[in-house]
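# Structure at a glance
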Amino acid sequence: ALGAHEVQVQAWGGSEAQYVETGRTIARLDARVTVKIPITEDGVRAARHLTREGKSITLTALYATHQAVTASALGVAYAAPYLGRLGDAGRDGQAIVRQMQAIVRSSDAPTRILVASIRSVDDIAGLVADGLDTFTFSPAIAEQLFSDSLTLQAADTFEEHAAAPQIRG
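Residues numbered from 1 in each chain as written. Predicted model: local features only at pLDDT ≥ 70, side-chain atom pairs only at ≥ 80, totals over all residues. Heavy atoms only, no water.

## Structural notes on the packing of helix α5 (residues 93-105) against helix α6 (residues 121-129)
One can describe the packing of α5 onto α6 by two numbers: an axis separation of 11 Å at closest approach and a directional angle of 35°. Regarding α5 and α6, the two cross each other, and that crossing is right-handed. Residues Gln94, Val97 and Arg98 of α5 touch α6, and the partners they reach there are Asp123, Gly126 and Leu127. Among the residues making up the contact of α5 with α6, the classes are represented as two nonpolar, two polar and two charged. (Axes fitted to C-alpha atoms, helices over the stretch in contact; angles between N-to-C directions. Helix = DSSP H or I, 4+ residues; strand = E, 2+ residues; numbered from the N terminus. Left-handed = near helix turned anticlockwise from the far one by under 90°. Contact = heavy atoms within 4.5 Å. Nonpolar A, V, L, I, M, F, W, Y, C, P; charged D, E, K, R; others polar.)

## Remarks on the pairing of strand β3 (residues 57-62)
Most of β3 sits inside the fold, with five of its six residues counted as buried. Inspection of the sheet shows strand β2 (residues 33-38) paired to β3 by four bridges, in the parallel sense. Its bridge partner lying in β3, Val35 is registered against Ile57. With helix α2 (residues 41-52) bridging β2 and its parallel neighbour β3, the resulting β-α-β unit is right-handed. Note: β3 against strand β4 (residues 78-81), four bridges, orientation parallel. Following the sheet pairing, Leu59 is matched in β4 by Ala79. Crossover β3 to β4 through helix α3 (residues 65-74) is right-handed. (Buried < 20%, exposed > 50% of the residue type's maximum accessible area, 1.4 Å probe, protein only. Pairing = 2+ DSSP bridges. Right-handed = clockwise from strand over helix to strand, strands pointing away.)

The following block contains the structure:
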């Protein structure tokens, strides 16, 4: 009703059978639902079953480039690395996500990299410059997309000039 084209919902259960069961239940909610499953051994097996059934799947919690190979080999809709958490773990999250994108691009799979755990708008801008185009981020990050101090100052100046009396000569 709010105009969403897609909604992602996390499956649970911890085992292949339970991920398949909860994934099927989630997928029945609406045709716009994509089922999220962690990229564990059981999660990958469940994703294989659900993908073969035509369900839209996101493999989540990617932390290593080789996991993008697995996701694209399965042909899931999305592979979701956690950029901020990679950095928290002392890894170069930007480099890892870029490598994941290169892996997916080199395959014939429909898989897209869905970058999660975004900590700044600069992270988004840098990744967009490298061809990534799918992100999930908090409302605070969304607000940052519109809050550059120079832009806000310029907008205020425009308004002041528009409100000032016009001098006619």
